Amino acid sequence: MPSPTPPSLWLTATTLLLTSLVAVDATPAAEPTPLFDGTSFTGWNGDTSHTWRIEAGEIVAGSPDRAAARNEFLATDRQFRDFQLTLEYRMDCIAGCNAGVQFRSQRVPNHHEVSGYQADIAPGITGGLYDESRRNRMLGVPPKQLQERALALAKEGWNEYTIRAEGRRIRLAINGVELLDYTEPDETIPLEGMIALQIHGGLKGTIRYRNLRITELPAGADADPQPAKPAPEQAR
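This text gives an overview of the structure that appears in the document. (Residues numbered from 1 in each chain as written. Predicted model: local features only at pLDDT ≥ 70, side-chain atom pairs only at ≥ 80, totals over all residues. Heavy atoms only, no water.)

1. Points about the layout of surface pockets
Here is step 1: What the largest pocket holds in volume is close to 220 Å³.
Here is step 2: Here the lining of the largest pocket is built from residues that sort into four nonpolar, four polar and four charged. (1 Å grid on protein atoms, 1.4 Å probe; cavity = no way out; pocket = protein on both sides within 12 Å on 5 of 7 lines; lining within 4 Å. Points joined across faces, edges and corners; volume = space filled by probe spheres on them. Nonpolar A, V, L, I, M, F, W, Y, C, P; charged D, E, K, R; others polar.)

Written as structure tokens, this is what we have:
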């Protein structure tokens with residue numbers, strides 16, 4: 001039979017265990033990083049001569065005097081994989097009210113379009129997920145009542161959009177209301193790409209974006225649930 005452990009050793013072992021637990025619990029969470037400095041397009045690329053401009057620390061496109069001629073995108077120079085992106089948007093439009101936030105996307109070579117996921121901003125599909133210039137269909141659309149509940153929480157016309165992409169799972173929320181939880185069933189779809197802000201062709205009015213913040217997550221941070229059934233083909 002082994003000799004009883006002296007009380008001093010029990011105390012030492014307990015102290016070490018508690019110290020290690022405190023060290024693990026004290027690991028700081030990743031801090032959000034601003035994507036836009038409020039004064040310049042550093043870190044971004046797009047048509048900043050005619051389409052995109054900066055007003056009062058906001059990224060702005062469009063005019064109430066004329067409709068946008070075509071889709072245009074202001075994109076990050078960097079590529080991102082797993083992340084949580086939060087931004088605020090405000091759309092003041094007369095007609096063609098449509099915009100969105102691209103992610104895990106790429107520019108189409110020799111074209112103004114981009115290809116990839118889009119968190120949508122448009123009547124009836126806000127908070128929906130569209131596959132821009134790739135499968136060209138909605139992958140999921142939240143119920144109208146849920147969209148209305150989320151948009152009713154806007155503050156002075158501004159809505160907060162949260163996009164969380166972890167592995168094949170994508171979650172979209174507006175003003176703290178989760179609108180979509182989608183898991184990509186196609187394992188060939190890339191899980192990395194740029195983030196881009198869109199003004200949709202035909203929008204007469206303005207779309208504004210501000211307070212863009214991103215938190216990069218460890219790859220595969222979230223276990224994928226069962227794949228969602230893809231939405232039926234739908235033109236947009």
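2. Details of the pairing of strand 11 (residues 159–166)
Here is step 1: Most of strand 11 sits out of view: six of its eight residues are buried.
Here is step 2: Direction of pairing for strand 6 (residues 83–95) relative to strand 11: antiparallel, over a ladder of seven bridges. Bridge pairing links Tyr89 to Asn159 in strand 11.
Here is step 3: Bridge count for strand 11 against strand 12 (residues 169–174) is six bridges, and the pairing is antiparallel. (Buried < 20%, exposed > 50% of the residue type's maximum accessible area, 1.4 Å probe, protein only. Helix = DSSP H or I, 4+ residues; strand = E, 2+ residues; numbered from the N terminus. Pairing = 2+ DSSP bridges.)

3. Considerations on the environment of Ala119
Here is step 1: As for its position among the elements, Ala119 is in strand 8 (residues 114–121).
Here is step 2: Note on Ala119: relative accessible area 0%, which makes it buried.
Here is step 3: As a C-alpha pair, Ala119 and Thr162 span 43 residues in sequence and 9.3 Å in three-dimensional space.
Here is step 4: Other than its neighbours up to four places away in sequence, Ala119 contacts Gly100, Val101, Phe103, Gly128, Tyr161, Ile163 and Leu172. (Contact = heavy atoms within 4.5 Å.)

4. What to know about the pattern of salt bridges
Here is step 1: Taken as a whole, this structure holds 16 salt bridges when the rule is applied.
Here is step 2: With its nearest N and O atoms 2.8 Å apart, the salt bridge here joins Arg70 to Glu72.
Here is step 3: Residue Arg70 is classed as partly exposed on the basis of its relative accessible area, which comes to 42%.
Here is step 4: In this structure, Glu184 and Arg135 form a salt bridge, with 2.8 Å as the shortest nitrogen-oxygen distance. Of this pair, Glu184 sits in the loop between strand 13 (177–183) and strand 14 (194–199) while Arg135 sits in the loop between strand 9 (129–132) and strand 10 (138–140), and the two are 49 residues apart along the sequence.
Here is step 5: On the basis of relative accessible area, Glu184 is assigned to the buried category, the value being 0%.
Here is step 6: Connected through shared salt-bridge partners, Arg53, Glu55, Glu58, Glu88, Arg208 and Arg210 make up one network. (Salt bridge = Lys/Arg side-chain N within 4 Å of Asp/Glu carboxyl O.)

5. Describing the state of the cysteines
Here is step 1: Applying the stated rule across the entire model yields one disulfide.
Here is step 2: One disulfide in the model links Cys93 with Cys97; its S-S distance is 1.9 Å. Linking Cys93 and Cys97, the disulfide has an S-S dihedral of approximately 110° and is accordingly described as right-handed.
Here is step 3: On the accessibility criterion, Cys93 (28% relative accessible area) is partly exposed.
Here is step 4: Taking the relative accessible area as the measure of exposure, Cys97 reaches 22% and is therefore partly exposed. (Disulfide = S-S within 2.5 Å.)

6. Structural notes on the pairing of strand 13
Every other side chain in a regular strand lies on the same face of the sheet, so the side chains alternate between the two faces.
Here is step 1: Most of strand 13 sits inside the fold, with five of its seven residues counted as buried.
Here is step 2: Sheet topology note: the strand 12/strand 13 ladder contains six bridges and is antiparallel. Each residue of the ladder has a partner; that of Arg171, found in strand 13, is Asp181.
Here is step 3: Linking strand 12 to strand 13, which pair antiparallel, is a turn of two residues; within it Asn175 sits at a positive phi near 55°.

7. A short note on the packing of aromatic side chains
Here is step 1: Summed over all chains, the structure comprises four aromatic pairs.
Here is step 2: When the ring of Tyr89 is compared with that of Tyr161, the centres are 5.9 Å apart and the planes differ by 45°; the resulting orientation is tilted. Remark: Tyr161 occurs in strand 11 and Tyr89 occurs in strand 6; sequence separation between them is 72 residues.
Here is step 3: Through a chain of ring-to-ring contacts, three or more aromatic side chains come together here, namely Phe83, Phe103 and Tyr117.
Here is step 4: Positioned above the aromatic ring of Trp158 is the side chain of Arg210, whose terminal nitrogen or guanidinium carbon lies 3.8 Å from the ring centre. (Phe/Tyr/Trp six-rings, centres within 6.5 Å; stacked < 30°, edge-to-face > 60°. Lys NZ or Arg CZ within 6 Å of the ring centre and 35° of its normal.)

8. Describing unusual backbone geometry
Here is step 1: Phi angles above zero are rare outside glycine, and Ala56 is one such case at about 50°.
Here is step 2: Structurally, Ala56 is set in the loop between strand 3 (52–55) and strand 4 (58–63).
Here is step 3: Since its relative accessible area comes to 80%, Ala56 is described here as exposed.
Here is step 4: A positive phi is found at Asn110, a non-glycine position, where the angle reads about 55°.
Here is step 5: Within the secondary structure, Asn110 sits in the loop between strand 7 (99–107) and strand 8.
Here is step 6: A relative accessible area of 82% places Asn110 in the exposed class.

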